[in-house]
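Each chain, letter by letter, is given below.
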Amino acid sequence: MLISIITITKDDGVLLRRNIDSVRRQRLSRDVSVEHLIVNGGGPLCNLPKKNFCTVLEHEPQGIFNAINYGISKASGDVIGVVHGNDFLADNYVLARVADALGDPDIDFVYGDVNFVSHGKPGVVYRHYTSGDFVPSHLLKGFAPPHPSLFIRHDAMLRVGPYNEKFRLAADFDLFLRLFLGRQPFKGIHIPGVAVNMEHGGISTNLRIRIQGGTYEKYKALRDNGFNVSMLKIASRIFFYIRHKKL
């Protein structure tokens, strides 16, 4: 099994090296290997490993999900995961757990949990986001598993289709809608444990951006996928997030 990790980056500096090191440290069985694709959206890449462990793909910036789609188009792995340049795999056995779960040919994708870590203090976890209690109907209220914890078979990615680039913030939510509730539902399972540590400060951890833009885009994604939901129902999830400190 070959696992393709796609990392999109733009001026992530030393955080990118942390990302790459977390992939290099993965402990895998002999029948599992890793391909690491770095999609560089601009700026010099400094302090990269001297050995050819990762492949750098230069790509004109056209948005986050455009860059992810570009990385997927260049990936040759059996499994695809996305770990952004300022994030990193949580421990040395994340990909081993992914490979074990996807050893079942009936499973199309897996997802886990994420930690949000403080900027400059990667060992300080200020929020833990678990998806262990997620059920597909939660999508109708605007809830989805954490996107960085998703690992999907390449053939399933081709069948479900690319990220919808008209969404700046909710293309990952739209993908989960098609995976769980589409006309051709795919089979996914939750893997207990933290898959990725997310650095505070990125677009997906910004509260104001998610409230102002993400809520409306999730509403649009649901409507586009044929679900007749109200904007008020999707917006009400904000109060849950604030109460449970998950936003």
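Residues numbered from 1 in each chain as written. Predicted model: local features only at pLDDT ≥ 70, side-chain atom pairs only at ≥ 80, totals over all residues. Heavy atoms only, no water.

**Student:** Honestly, the overall build of the protein in this entry has me stumped. Any pointers?
**Tutor:** Scanning the protein from N- to C-terminus turns up 8 helices and 9 strands. Residue burial in the protein is summarised as follows: out of 247 residues, 52% are buried. Long-range pairs, those at least 24 residues apart, make up 72% of the contacts in the protein with a sequence separation of at least 6. Of the roughly 11,800 Å² of accessible surface on the protein, 53% is carried by carbon and sulfur atoms. (Helix = DSSP H or I, 4+ residues; strand = E, 2+ residues; numbered from the N terminus. Buried < 20%, exposed > 50% of the residue type's maximum accessible area, 1.4 Å probe, protein only. Contact = heavy atoms within 4.5 Å. Areas by Shrake-Rupley, 256 points an atom, 1.4 Å probe, with all protein chains shown as cover.)

**Student:** Help me understand the packing of aromatic side chains, please; the structure alone is not making it clear to me.
**Tutor:** What describes a pair of aromatic rings is the distance from one ring centre to the other and the angle between the planes of the rings. A full pass over the atoms with the stated rule returns 9 aromatic pairs. Ring centres of tyrosine 111 and phenylalanine 134 lie 6.2 Å apart, and the angle between their planes is 85 degrees; this geometry places the pair in the edge-to-face category. Of this pair, tyrosine 111 sits in strand β6 (residues 109-118) while phenylalanine 134 is found in the loop between β7 (121-129) and β8 (151-153), placing the two residues 23 residues apart along the sequence. Taken individually, tyrosine 111 and phenylalanine 134 each receive the classification buried, so the pair is uniform in this respect. Judged by centre distance (6.3 Å) and plane angle (50 degrees), the rings of phenylalanine 116 and tyrosine 126 are tilted. Of this pair, phenylalanine 116 sits in strand β6 while tyrosine 126 sits in strand β7, placing them 10 residues apart in sequence. (Phe/Tyr/Trp six-rings, centres within 6.5 Å; stacked < 30°, edge-to-face > 60°.)

**Student:** Just checking my understanding: could you explain the nonpolar core for this structure?
**Tutor:** Soluble globular proteins tend to bury their nonpolar side chains together. Core analysis: the largest hydrophobic core is formed by 38 residues, its most contacted members being Phe109, Leu139, Tyr163, Phe173 and Leu179. Every element with two or more residues in this core is listed here: β1 (2-9), β2 (33-40), α2 (64-74), β4 (79-82), β6, α4 (154-160), α5 (171-181) and α6 (207-224). Residue contributions to this core peak at 7 residues, all from α5. With sequence-adjacent residues up to four places away left out, phenylalanine 109 is seen in contact with Leu102, Leu150, Phe151, Ile152, Leu179, Phe180, Phe186, Lys187, Gly188 and Ile189. Counting 23 residues, the second-largest nonpolar core is a separate cluster that includes Val23, Val94, Val98 and Val196. (Core = buried A, V, L, I, M, F, W, Y, C linked by side-chain atoms within 4.5 Å.)

**Student:** I would appreciate a short explanation of the pattern of salt bridges in the present structure.
**Tutor:** In a structure, side chains of opposite charge can pair up when their charged atoms sit close to one another. For the structure on display, the rule yields 8 salt bridges. As a salt-bridge pair, aspartate 91 and arginine 97 come within 3.0 Å of each other at their nearest N and O atoms. Using a relative accessible area of 27% as the deciding quantity, one classes arginine 97 as partly exposed. The residue aspartate 155 makes a salt bridge to arginine 159 at a minimum N-O spacing of 3.7 Å. Taken together, the positions of aspartate 155 and arginine 159, both in helix α4 and 4 residues apart, correspond to about one turn of that helix. By relative accessible area, which is 42% here, aspartate 155 ends up partly exposed. A network of salt bridges, in which partner residues are shared, links Arg17, Asp21 and Arg24. (Salt bridge = Lys/Arg side-chain N within 4 Å of Asp/Glu carboxyl O.)

**Student:** Please clarify how α5 should be interpreted in this entry.
**Tutor:** In an α-helix, one turn spans 3.6 residues; hence positions three or four apart end up facing the same way. α5 sits mainly inside the fold: 10 of its 11 residues count as buried. Within α5, the full set of buried residues consists of Ala171, Asp172, Phe173, Asp174, Leu175, Phe176, Leu177, Arg178, Leu179 and Phe180.

**Student:** Would you take a moment to explain unusual backbone geometry for this structure?
**Tutor:** Backbone geometry places aspartate 11, a non-glycine residue, at a positive phi of 60 degrees. Checked against the element boundaries, aspartate 11 lands in the loop between β1 and α1 (14-24).

**Student:** When you look at the pairing of strand β9 (residues 188-199) in this model, what are you seeing that I'm missing?
**Tutor:** Within a regular strand, the side chains alternate between the two sheet faces. When strand β5 (residues 88-89) meets β9, the two strands line up antiparallel, connected through 2 bridges. Along β9, the bridge assignment pairs phenylalanine 88 with asparagine 197. Two elements, β6 and β9, share 8 bridges in a ladder whose sense is parallel. Of the residues in β9, the one forming a bridge with phenylalanine 109 is glycine 188. (Pairing = 2+ DSSP bridges.)

Shape descriptors only; they carry no functional weight alone.
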